[in-house]
Every structure is written in structure tokens, then in C-alpha cells.
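Architecture at a glance
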Amino acid sequence: MNVQLIVGTVITVAIVVAPAWLSYRIYKRIGRRCTEKKDKYQDTKEFCGCNLRRVHKILLPEDERISFLSQNGRWRCWIRRSIKLTFTICPVHGVKCVKIDFDILSVFHALWTNWFRKEQYTMQEKKLIDAFWTKVKQLHASGGHKTLDGQTTDTPPISLSSIVESVFEELSDVMGGE
């Protein structure tokens, strides 16, 4: 048996892996604490301090399946039409939806989740559904799109004259002209 290999492995674990694991555990203990006040109806400066538990859910369209083949029969590495939801659960304040993510989902991640964390694809808990709709209503109410016309878009009109004018405006600003 190679003694140097065993000693090197032990030293590597002691120097690299153990501090990384320890810092991760400290983050989990301290970093995920509830920052809500203890009681909403009293003027207390104390925060709840309970450890939050995070729950992740993945929503896929009904016609989407977790496979390396798309609906067209072409190979893919990403599922583009997915919604990832992140909830925090505090024992004192309840459930809150903190993140709605529309980024693409790796097929490898989707398969791993389907094999080992199948509960992430089902969202049947009433508390989670209510928290999701509360978040959607907050996002909808905070948007400034209520006054927009139905024909209005966020994309500015692109034309050759507008590009040339913007270039000349930037050049005049740089040269100090008016």
C-alpha cells in the first residue's frame, strides 16, 4: 500500500475539504435566518431569527417531457420552457415565495431531480400555491405597465437615422459640443 498517497489524501481533506464544509455549514446556520420582525403588530426591534427552510419547485408545461429529445425529435441539452420557484418556510411567519425564475433548465439537472427529488415537480400544497399567487400579485401590482397602451412595446424603434443620430450625439458629447 502506498503510504504517501494515503497521507496526501488525508492532508488534502484536512486542508481543503474540511474548511469548505465548515464554512458551508456556518452559512447554512447564519445566512438563512429570518429577517422579519417577531410580531408585526408590536413595535419591537427584535428579528425572528428562526432558521428558514428552502423549498424548490419546478413547473414544466404539460406538453414538455424530461428527455434529451425535444418535441421535434432533435437533440437538446436544455429545457427552455421551465419555471423554477423558490419558497422560504419560517415556523413563525409561514411560507413566502422569494424567487420566480424563468431561466433555462439543464436536462441533466431535470433528470437528476426527477430521479432523486421527484417532489420538486409536484406543487399540491395549498400554502405554496397561495404564496406563489401572492408573489405574482405583488409583481403585477408593482409594475408600471397598467398605463401602457396595448400596442406599446418595450423595444425601441430601430432605424438607420436613429442610429446615426445617436452616434453623432455621443460624439458631440465627447468632443464637448452642444
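You'll find the structure just up there.
The present account deals with the structure reproduced in this document. Nothing here was measured: the structure is a model prediction, and the numbers come from that model.

What counts as what
- Residues numbered from 1 in each chain as written.
- Predicted model: local features only at pLDDT ≥ 70, side-chain atom pairs only at ≥ 80, totals over all residues.
- Heavy atoms only, no water.
- Helix = DSSP H or I, 4+ residues; strand = E, 2+ residues; numbered from the N terminus.
- Buried < 20%, exposed > 50% of the residue type's maximum accessible area, 1.4 Å probe, protein only.
- Contact = heavy atoms within 4.5 Å.
- Areas by Shrake-Rupley, 256 points an atom, 1.4 Å probe, with all protein chains shown as cover.
- Patch = residues over 30% accessible without salt bridge, like charges linked within 9 Å, V, L, I, M, F, W, Y side chains within 5 Å.
- Salt bridge = Lys/Arg side-chain N within 4 Å of Asp/Glu carboxyl O.
- Lys, Arg positive; Asp, Glu negative; His and termini not counted.
- Charge placed at Lys NZ, Arg CZ, Asp CG, Glu CD.
- Polar contact = N/O pair within 3.5 Å; in protein donor to acceptor, adjacent residues only side chain to side chain.
- Pairing = 2+ DSSP bridges.
- Axes fitted to C-alpha atoms, helices over the stretch in contact; angles between N-to-C directions.

Further remarks concern the overall build of the protein. In terms of regular secondary structure, the protein is built from 4 helices and 5 strands. When the helices and strands of the protein are read in sequence order from the N terminus, they spell out α-β-β-β-β-β-α-α-α. Evaluated residue by residue, the protein yields a buried proportion of 18% over its 178 residues. The contacts of the protein with a sequence gap of at least 6 include a subset with a gap of at least 24, amounting to 52%. Looking at the protein as shown, the accessible area adds up to about 14,500 Å², and 60% of this sits on carbon and sulfur atoms.

Let us now look at the environment of Lys-28. Tracing the sequence through the fold places Lys-28 in helix H1 (residues 3-31). On the basis of relative accessibility, which here comes to 27%, the residue Lys-28 falls in the partly exposed class.

This part covers a negative patch on the surface. Taken together, the side chains of Glu-165, Glu-169, Glu-170 and Asp-173 make up a negatively charged region of the molecular surface. Following the sequence through the fold, Asp-173 ends up in helix H4 (residues 160-175).

A few words on the side chain of Ser-106. Structurally, Ser-106 is set in strand S5 (residues 105-106). Only 3.2 Å separates the side chain of Ser-106 from the backbone nitrogen of Phe-108, close enough to count as a polar contact. Those residues in contact with Ser-106 that lie beyond four places of it in its chain are Cys-77 and Trp-78.

Attention now goes to the sheet that holds strand S4 (residues 94-101). If you trace the 3 strands from one edge of the open sheet to the other, you get S1-S3-S4, paired in antiparallel fashion. Each edge of the open sheet is held by one strand with a lone partner, namely strand S1 (53-59) and S4. On average, each strand axis in the sheet is inclined to that of its neighbour by 25°, with strand direction left out of account.

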